Amino acid sequence: MELDMNKYLDVFLEESREHIRTLNSRLLQLEKNPQETSGLNEIFRSAHTLKGMSSTMGFIALADLTHHMENLLAELKEGKMQVTSRAIDILFACIDRLQIMIDDIAGGKKPHEDNADLIHALETIRSAQAETAAGTTQHAEAVVLTVDDAPDTRAHGMIYNDYDITILKEALSRGFNVQYLNIGVAPNSMMKAVRVFMVFKALEESGEVIKTNPSAQELDEGKFDDQFELIYICEGDLTKALARINQISEVKLLGNHAVDPSELTVTEPVIKAGPQSSAGAAEVKKNEPDMVAPVRHTVRVDIEKLDLLMNLVGELVMHKGRLEQIGVLYKMEELNNAIEQIDRITSDLQSVVMKVRMVPIEQVFNRFPRMVRDLAKELDKEVDFYMEGKETELDRTVIDEIGDPLLHLLRNAIDHGLELPQQRLSLQKKRQGQLYLRARHEGNHVFIEVEDDGAGINPDKVRERAIESGLLGIREAEQLSDEEIIKLVFESGFSTAEVVTDISGRGVGMDVVKSKIEALSGEIIVNSKPGYGSLFKIKLPLTLAIIQAMMVTVQSETYAIPLTSVDETTMISARDIKVIQGQEFITLRGSILPLLRLNRLVELPETDQTTDEIYVVVVHKGSKQVGLVVDTLIGQQEIVIKSLGKILDGIPGIAGAIIARDGSVCLILDVATLF
Amino acid sequence: MSLSKVPLEKNQSPGETMQVVVFFLAGAEYAVEIKQVEEINRLLNITRVPHAPSYIEGVINLRGNIIPVINLHKKFNLSGQEFDPQTRIIVLKINDLNAAIIVDRVSEVIYLEVDHIVADTQFFSPINAEVIEGMVKREDRLIIVLDLLKLLNKEIN
């Protein structure tokens with residue numbers, strides 16, 4: 001049967017990924033606690049659902065692999081086999097393969113098909129352990145229709161309105177065959193909506209479905225228990241249509257009869273809540289107590305559409321500003337009152353749009369337990385991994401970027417921080433290395449921490465390495481405190497092969513982690529105590545789309561400096577400026593602050609205006625502080641960042657643009673690349 | 001200004017036509033396909049972008065979108081340009097790319113027969129031949145048809 005599966009592909013992909021996540025996390029729990037087999041039910045169910053969905057969608061290789069997984073899981077579940085680490089390893093390998101296949105499907109490719117290796121492994125472990133395997137294969141055939149053949153006389157909840165009755169009477173009077181059909185769908189059927197679609201398709205080859213119960217929309221969303229009713233009008237013989245229905249797998253015709261014209265009376269809608277239908281529903285729920293998770297209604301929206309919405313809101317704010325000016329200019333009080341209302345609505349609108357873009361960090365965190373487990377296993381280490389604050393929300397754009405730096409920090413912690421079990425015992429530490437990943441909100445920021453109780457960073461080794469690589473002179477290195485020395489792990493070019501074993505990762509340096517986080521307008525700091533472990537603390541803005549900025553002018557141009565780069569603003573006297581080798585300096589609270597003239601940085605000509613009062617914005621780039629000399633300070637503002645587009649991408653010193661209240665464009669300075 | 005004076009010099013039957021916007025740059029006539037043009041506007045308030053290539057005049061705000069403005073005089077080393085009341089910007093939208101060009105004057109919108117566009121770039125052209133699609137002779141006029149997608153793509157690389 002030709003069926004437009006594309007319509008359901010997104011649903012399939014989304015749901016199967018969800019099941020893979022469940023499989024991964026439940027399997028991890030099981031591995032930790034092999035006696036606690038209650039989780040197996042859920043694992044089994046997820047595998048089973050995946051199988052059903054895959055075969056519905058025609059992904060045979062997927063269905064086949066899950067089928068074999070299911071066989072093994074069934075035996076584990078029934079206690080016919082012990083949960084061994086070998087079994088878990090194989091199951092993890094299967095999950096990885098499923099993930100690859102699903103990614104293939106998502107990428108429009110033909111999914112990886114040769115799973116003989118895994119299937120073989122699954123079968124081997126089964127036959128090795130379970131001699132009592134007889135009968136277990138039945139489990140794999142769970143997708144059989146178990147709907148009782150309900151009697152045709154079963155009272156049905158079809159409710160007709162005047163319109164329906166007119167149509168039906170008309171059809172009857174013209175001699176059409178008007179049939180009531182009761183159709184059952186296997187209760188454990190996946191993607192019921194697809195079944196419904198197939199039923200409709202089968203019927204509409206030779207007639208028309210004019211009424212359903214539940215409504216067509218509910219059916220389309222799969223919102224029904226195990227059966228649905230419909231009224232079908234066709235010319236002549238029904239048998240062919242009915243045969244087509246019975247050919248659809250997991251679907252069965254429970255009964256049909258010609259609609260009796262005497263039935264056709266307008267039924268009061270109250271009956272909908274009547275005892276018959278509600279009792280039926282309750283019964284079904286009893287059978288599947290753990291299937292009734294509350295349904296959350298969500299819509300998937302292209303992030304570009306949200307950006308567009310954001311732009312429009314930004315524009316609305318801009319035009320509201322113009323209205324305000326008009327109101328002030330013409331002293332129109334009524335207009336001003338109206339604008340106040342609009343003001344409230346626009347700021348609500350703005351915050352709603354912002355919230356829509358927020359997603360829980362769970363999405364990123366969820367991939368880590370598996371990674372931690374695999375890496376620990378590979379390195380013969382034992383790790384207790386804790387995650388806190390998964391529900392913490394962050395802007396979509398930040399979420400997409402934060403995964404890799406976190407992954408790197410976690411890998412480092414396991415690879416270089418946590419010691420081997422024997423070593424830990426001899427150090428009077430718990431055998432299992434303790435690894436924490438935490439997220440939390442604090443004001444306008446999100447903090448993410450990666451903490452381990454491993455060996456920590458040895459400042460002497462860092463010092464040694466810093467001198468070797470020429471990053472520091474010997475004297476300089478000795479003057480720096482241990483804390484300052486540890487910060488050096490973020491310097492570029494620091495992590496080379498020799499240090500890799502102690503503090504850094506596999507070729508990717510901590511400097512990459514740091515620059516990535518700074519690119520997100522965030523900060524990273526490290527605390528470490530040799531012998532007691534390390535704590536990496538990342539501070540991120542809630543969103544990248546709206547930031548706080550310091551507005552400054554230089555000559556006739558206005559610029560925004562992100563507040564995350566600004567330490568303070570100050571006013572100095574021209575006489576305080578000292579010049580050493582052509583570089584201007586001032587002394588600010590005892591420390592030397594180099595000055596840079598913003599007009600030079602933005603290629604504006606020199607002017608010979610001489611004022612004694614000079615405004616300085618103290619900004620930092622990494623650990624380096626610089627004073628930017630500007631003409632005037634306008635003040636702090638919340639700004640909506642806009643991209644300069646592909647053509648002007650990557651211009652040094654410019655991070656983007658904003659649209660000012662008067663509609664003109666102001667540029668945002670990027671302190672990291674400005675000087 | 002006449003709109004569609006289809007020349008019937010070669011073909012008696014009119015072939016495939018394309019609608020173009022004709023504009024002046026340093027005295028010569030150029031055309032860009034109307035499909036690539038989003039709108040034609042008076043010179044808006046342009047914000048200079050430091051460190052951008054010199055022929056990028058800056059960026060403008062077009063209904064909430066930031067659009068870079070290319071000065072074709074500078075891009076093609078044409079003689080100096082002074083902005084006057086006739087100066088226009090042509091906002092282009094080609095595929096996903098948005099950009100605007102500054103032109104001395106927009107003269108008309110006409111139909112050209114695609115067959116009449118000569119892809120020969122051997123003739124004298126004051127601008128870089130790479131962004132030229134071809135030229136059209138109309139009476140005593142010579143109109144150079146530009147392919148601005150090439151121009152914008154070059155900017156990205």
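Here the structure is a predicted model, which means the values were calculated and not measured.

J.: Which parts of the structure should I look at to understand the overall build of chain A?
T.: A count of helical and extended segments in chain A gives 24 helices and 22 strands. Each of the 675 residues in chain A was classed as buried or not, and the buried ones make up 45%. For chain A, the share of sequence-separated contacts (at least 6 apart) that also reach a separation of at least 24 residues comes to 71%. Entry remark: accessible area of chain A is about 35300 Å², with carbon and sulfur atoms responsible for 51%.

J.: Can you walk me through the packing of aromatic side chains in this structure?
T.: Geometrically, a pair of aromatic rings is defined through the distance of the ring centres and the angle of the planes. Scanning the entire structure with this criterion turns up five aromatic pairs over all chains. When the ring of A:Phe490 is compared with that of A:Phe536, the centres are 6.2 Å apart and the planes differ by 80 degrees; the resulting orientation is edge-to-face. Of this pair, A:Phe490 sits in the loop between helix H20 (482-487) and helix H21 (497-500) while A:Phe536 sits in strand S11 (residues 533-541), placing them 46 residues apart in sequence. Each member of the pair A:Phe490 and A:Phe536 is classed as buried. On the basis of an interplanar angle of 20 degrees and a centroid distance of 6.0 Å, the ring pair of B:Phe23 and B:Tyr30 is categorised as stacked. Both residues of the pair, B:Phe23 and B:Tyr30, count as buried. A cation sits over an aromatic face here: A:Lys77 above A:Phe44, 4.2 Å from the ring centre.

J.: What should I look at first to understand the sheet that holds strand S4 (residues 251-258) of chain A in this one?
T.: Strand pairing within a sheet occurs via backbone hydrogen bonds; the two strands may be parallel or antiparallel. Residues and elements named next belong to chain A. One open sheet accounts for four strands, arranged S2-S3-S1-S4; its pairing is antiparallel. With one partner strand each, in any of the chains shown, strand S2 (207-213) and S4 form the two edges of the open sheet. Along the sheet, successive strands turn relative to each other by an average axial angle of 30 degrees, direction set aside. With six bridges connecting them, S2 and strand S3 (residues 227-234) associate as antiparallel partners. Bridged to Asn-213 within S3 is Glu-229. The sheet strands contacting helix H7 (residues 162-173) are strand S1 (177-185), S2 and S3, and the helix crosses S3 at an angle near 45 degrees.

J.: What is the right way to look at the interface of chain A and chain B in this model?
T.: How big an interface is tends to be reported as the loss of accessible area on association of its parts. Each partner contributes to the interface: chain A provides 24 residues, whereas chain B provides 23 residues. Taken over both partners, the interface formed by chain A and chain B buries close to 1900 Å², and the fraction arising from carbon and sulfur atoms is 64%. Here chain A and chain B share one salt bridge between them. Among the salt bridges present, the one from B:Arg48 reaches A:Glu557, with a minimum N-O distance of 2.7 Å. Between chain A and chain B we count five residue pairs in polar contact (both at pLDDT 80 or more) in total. Of all the secondary structure elements, the ones that give two or more residues to the side of chain A that touches chain B are helix H12 (303-329), strand S13 (557-562), strand S21 (654-659) and strand S22 (665-669) of chain A. By residue class, the composition of the side of chain A that touches chain B is 15 nonpolar, four polar and five charged.

J.: How should I be thinking about the sheet that holds strand S15 (residues 578-580) of chain A in this particular structure?
T.: All names here are of chain A. Strand order in the open sheet formed by six strands is S14-S18-S19-S17-S16-S15, with mixed pairing between adjacent strands. Looking at which strands have only one partner, the edges of the open sheet turn out to be strand S14 (566-573) and S15. Across this sheet, the average inter-strand angle for adjacent strands is 40 degrees, counted without regard to direction.

J.: Sorry, what's going on with the pairing of S21(A) here?
T.: Two faces, one strand: in a regular strand the side chains alternate between the faces of the sheet. Residue and element names in this part refer to chain A. Of all six residues making up S21, five are buried, and the element is well covered by its neighbours. Looking at chain direction, S21 and S22 are connected through five bridges and run antiparallel. In the sheet register, Ile-659 faces S22, and the bridge partner there is Val-665.

J.: Whenever I open this one, the packing of helix H8 (residues 192-203) of chain A against helix H10 (residues 239-247) of chain A confuses me. Can you help?
T.: When two helices pack together, their arrangement is given by the angle between the helix axes and the distance between those axes. Residues and elements named next belong to chain A. Two elements in contact, H8 and H10, have axes whose closest approach is 9 Å; the angle formed by their N-to-C orientations is 160 degrees. Taken together, the axis directions place H8 and H10 in an arrangement best described as roughly antiparallel. Where H8 crosses over H10, the two elements pack in a sense that is right-handed. Residues Val-199, Ala-202 and Leu-203 of H8 pack against Ala-241, Arg-244 and Ile-245 of H10. Here the contact of H8 with H10 is built from residues that sort into five nonpolar, no polar and one charged.

J.: Just to check I follow, could you spell out a nonpolar patch on the surface for this structure?
T.: All names here are of chain A. On the surface, a nonpolar cluster with roughly 580 Å² of combined accessible area is contributed by Leu-323, Ile-326, Leu-329, Tyr-330, Met-332 and Ile-342. If you tally residues by element for the nonpolar patch, the top one is H12, at three residues. Here Leu-323 shows up in helix H12. Look at Leu-323 and you get partly exposed, because its relative accessible area is 33%.

J.: What is the right way to look at unusual backbone geometry in this model?
T.: Residues and elements named next belong to chain A. In this structure, Pro-214 follows Asn-213 across a cis peptide bond, with omega equal to 0 degrees. When you line up the elements, Pro-214 lands in the loop between S2 and helix H9 (216-220). Backbone geometry places Gln-428, a non-glycine residue, at a positive phi of 65 degrees. By the secondary structure assignment, Gln-428 is in the loop between helix H17 (421-426) and strand S8 (433-442).

J.: Would you explain the confidence of the model for chain B in this entry?
T.: Note that predicted coordinates carrying low pLDDT should not be read in detail. Residues and elements named next belong to chain B. Put simply, chain B has an average pLDDT of 81, and 83% of its residues get 70 or more. Summarising per-element confidence for chain B, the mean pLDDT is lowest in helix H2 (residues 148-156) (77) and highest in strand S1 (residues 17-25) (92). Segment residues 1-13: pLDDT under 50, and 15 contacts once partners within four positions in sequence are set aside and those in other chains are kept. Taken together, the chains of this predicted complex give a pTM of 0.48 and an interface ipTM of 0.83.

J.: Honestly, the pattern of salt bridges in this entry has me stumped. Any pointers?
T.: Should their charged atoms come close, side chains of opposite charge can pair. Residues and elements named next belong to chain A. Here the structure, examined in full by the defined rule, presents 38 salt bridges over all chains. Put simply, Glu-31 and Lys-377 hold a salt bridge, and the shortest N to O gap is 3.7 Å. Of this pair, Glu-31 sits in helix H1 (residues 6-32) while Lys-377 sits in helix H15 (residues 368-378); the two residues are 346 residues apart in sequence, bridging distant segments of the chain. The exposure class of Glu-31 is partly exposed, given its relative accessible area of 23%. For Arg-438, the salt bridge identified is with Glu-451, shortest N-O distance 2.9 Å. With Arg-438 in strand S8 and Glu-451 in strand S9 (residues 445-452), this pair connects stretches of sequence that are 13 residues apart. A residue is classified by how much of its surface remains accessible, and Glu-451, at 26% relative accessible area, is partly exposed. Residues joined in a network through salt bridges with shared partners are Glu-31, Asp-89, Asp-96, Arg-370, Arg-373, Asp-374 and Lys-377.

J.: Could you clarify how one ought to interpret the environment of A:Val317 in this entry?
T.: All names here are of chain A. Relative to the helices and strands, Val-317 is located in helix H12. Measuring from C-alpha to C-alpha, the distance between Val-317 and Thr-346 comes to 6.6 Å, with 29 residues separating the pair along the chain. Once you skip the residues sitting within four places of it in the chain, Val-317 turns out to touch Thr-346 and Gln-350.

Analysis parameters
Residues numbered from 1 in each chain as written. Chains lettered and ligands numbered in written order. Predicted model: local features only at pLDDT ≥ 70, side-chain atom pairs only at ≥ 80, totals over all residues. Heavy atoms only, no water. Helix = DSSP H or I, 4+ residues; strand = E, 2+ residues; numbered from the N terminus. Buried < 20%, exposed > 50% of the residue type's maximum accessible area, 1.4 Å probe, protein only. Contact = heavy atoms within 4.5 Å. Areas by Shrake-Rupley, 256 points an atom, 1.4 Å probe, with all protein chains shown as cover. Phe/Tyr/Trp six-rings, centres within 6.5 Å; stacked < 30°, edge-to-face > 60°. Lys NZ or Arg CZ within 6 Å of the ring centre and 35° of its normal. Pairing = 2+ DSSP bridges. Axes fitted to C-alpha atoms, helices over the stretch in contact; angles between N-to-C directions. Buried area = accessible area lost by both parts, 1.4 Å probe. Salt bridge = Lys/Arg side-chain N within 4 Å of Asp/Glu carboxyl O. Polar contact = N/O pair within 3.5 Å; in protein donor to acceptor, adjacent residues only side chain to side chain. Nonpolar A, V, L, I, M, F, W, Y, C, P; charged D, E, K, R; others polar. Parallel < 35°, antiparallel > 145°, perpendicular 65-115°, else oblique. Left-handed = near helix turned anticlockwise from the far one by under 90°. Patch = residues over 30% accessible without salt bridge, like charges linked within 9 Å, V, L, I, M, F, W, Y side chains within 5 Å. pLDDT = per-residue confidence, 0-100.

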